[in-house]
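Next come the chains, spelled out residue by residue.
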Amino acid sequence: MRQLVYISTLRRGESVDAEQILAQSRRNNARDRVTGLLFFDGKRFLQALEGEEGAVNAAFARIQADARHYALVVLSNRTIASREFGEWAMAYAKPGEAADALDRVVRLTAEADAGVRATFEGFAKVRRAA
Ligand SMILES: Cc1cc2nc3c(=O)[nH]c(=O)nc-3n(C[C@H](O)[C@H](O)[C@H](O)COP(=O)(O)O)c2cc1C
């Protein structure tokens, strides 16, 4: 199984509809058995994708071709024995939600590799402070 983590930046001038991205992601990811976590702070995305190699690669190819964001940088791309982000088709966290995003990220990454967890927690902390 493959796990891919990347960061990207919202394209300037795009007013992104995060709910629409989530709806698309959940529909496709449920079909393809891809799971993961998407964190969006209003400017940058941090996303983990997990699943069978071919399914993750296909999802990432579509995501890379999406003009709503740019400057995609793969932070980690590894083989995993089992899913680390649970069974969510695409869990979602953003700062300023009623349930604090950092708490949510801590919960959602509890089973993840230490490095990957630190990436998400660091991102959520910096974004909260910003
Ligand atoms: C930050 C970001 C994350 C995305 N994550 C996913 C995803 O996990 N799965 C997915 O299928 N599409 C995702 N998308 C949307 C894809 O880029 C693409 O628009 C979509 O897969 C097209 O599917 P559709 O033709 O079924 O609408 C994401 C887009 C952005 C900007």
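See the structure shown above.
Peer 1: What am I meant to see in the site of the ligand here?
Peer 2: Taken together, 16 residues are adjacent to the ligand, and Gln24, Ser25, Asn29, Arg62 and Asp66 come closest. The side chain of Arg62 places a nitrogen or oxygen atom 2.6 Å from an oxygen atom of the ligand. Look at the ligand: alone it shows 620 Å² of surface, and the protein chains cover 83% of it. Those elements giving two or more residues to the shell around the ligand turn out to be helix H1 (18–32), strand E3 (44–51) and helix H2 (53–64). Counting residues per element, the shell around the ligand draws most heavily on H1, which supplies six residues. Residue composition of the shell around the ligand, by class: six nonpolar, six polar and four charged.

Peer 1: Even after reading the chapter, I still don't get the packing of aromatic side chains, so can you show me in this structure?
Peer 2: Each aromatic ring pair is specified by the distance between its two centres and by the angle formed by the two planes. What the rule picks out here adds up to four aromatic pairs. With a centroid separation of 5.4 Å and an interplanar angle of 50°, the aromatic rings of Tyr6 and Phe60 are classed as tilted. Pair noted here: Tyr6 is in strand E1 (residues 2–10) and Phe60 is in helix H2, with a separation of 54 residues, a long-range link. Relative accessible area serves as the criterion here: at 2%, Tyr6 is assigned to the buried category. Assessed through its relative accessible area of 8%, Phe60 is described here as buried. Taking 5.2 Å as the distance between ring centres and 90° as the angle between the ring planes, the aromatic pair formed by Phe39 and Phe123 counts as edge-to-face. One end of the pair, Phe39, is in strand E2 (residues 35–40); the other, Phe123, is in helix H4 (residues 114–129), with 84 residues separating them in the sequence.

Peer 1: I'm lost on the sheet that holds E1 in this one. Help?
Peer 2: Paired through their backbone hydrogen bonds, the strands of a sheet run either parallel or antiparallel. Spatial strand order, E4-E1-E3-E2-E5: five strands in an open sheet with mixed pairing. Each edge of the sheet is formed by a strand with only one pairing partner; in this case those strands are strand E4 (69–79) and strand E5 (91–93). Averaged over all neighbouring strand pairs, the angle between strand axes comes to 15°, with direction disregarded. Of the pairings in the sheet, the one linking E1 to E4 comprises eight bridges and is antiparallel in character. Within E4, the position partnered with Leu4 by the bridge is Asn77. Sitting on the sheet, H1 is in contact with E2, E3 and E5, with an inclination near 160° to E5. Relative to E5, helix H3 (residues 101–108) is tilted by about 150°, and along the sheet it contacts E2 and E5.

Peer 1: Which parts of the structure should I look at to understand the pairing of E2?
Peer 2: In regular strands, side chains alternate between the two faces of the sheet. The element E2 is largely enclosed, with a buried count of six among its six residues. The two faces of E2 match: Thr35, Leu37 and Phe39 on one face and Gly36, Leu38 and Phe40 on the other face are all buried. Across six bridges, E2 lies against E3 in antiparallel orientation. Looking at the pairing, Thr35 lines up with Glu50 of E3. With antiparallel pairing between neighbouring strands as the criterion, E2 and E3 make up a hairpin whose turn holds three residues, including Gly42 at a positive phi of roughly 100°. Here three bridges tie E2 to E5, and the two strands are oriented parallel to one another. Within the sheet, the bridge partner assigned to Phe39 lies in E5 and is Ala93.

What counts as what
- Counting from 1, residues in each chain are numbered in the order their sequence is written.
- Reporting in this predicted model follows two pLDDT cut-offs: at least 70 for local features of residues, and 80 or more for side-chain atom pairs to be given and counted; totals over whole chains, interfaces and linings ignore these cut-offs and use all residues.
- No hydrogens and no water enter the side-chain calculation; it runs on all heavy atoms of the structure.
- We call a residue near a given molecule or strand whenever any one of its heavy atoms falls within 4 Å of it.
- Any N or O atom pair separated by 3.5 Å or less is treated as a polar contact, with the protein-specific requirement of one donor-capable and one acceptor-capable atom, and with residues adjacent in sequence counted only for side-chain atom pairs.
- The protein chains shown are the only cover counted for residues, whose accessible areas, like all others here, come from Shrake-Rupley with a 1.4 Å probe.
- Under the scheme used here, helices are H or I runs from DSSP no shorter than 4 residues and strands are E runs no shorter than 2 residues, and both carry numbers assigned from the N terminus.
- The nonpolar class holds Ala, Val, Leu, Ile, Met, Phe, Trp, Tyr, Cys and Pro. Asp, Glu, Lys and Arg form the charged class, and all remaining residues, Gly among them, are polar.
- The pairing test for Phe, Tyr and Trp rings, Trp by its six-membered ring, is centres within 6.5 Å, and the orientation test on the planes gives stacked under 30 degrees, edge-to-face over 60, and tilted for anything in between.
- Partly exposed residues are those whose accessible area sits between 20% and 50% of the maximum for their type, while under 20% is buried and over 50% is exposed, using a 1.4 Å probe and protein chains only.
- Strand pairing is defined by DSSP finding a minimum of two bridges between the two strands.
- To obtain an axis, a line is fitted to C-alpha atoms, over the contacting stretch when the element is a helix, and the angle between two such axes runs from 0 to 180 degrees between their N-to-C directions.
- We call two residues in contact when some of their heavy atoms are within 4.5 Å.

Treat this as a map of the structure, not an account of what it does.
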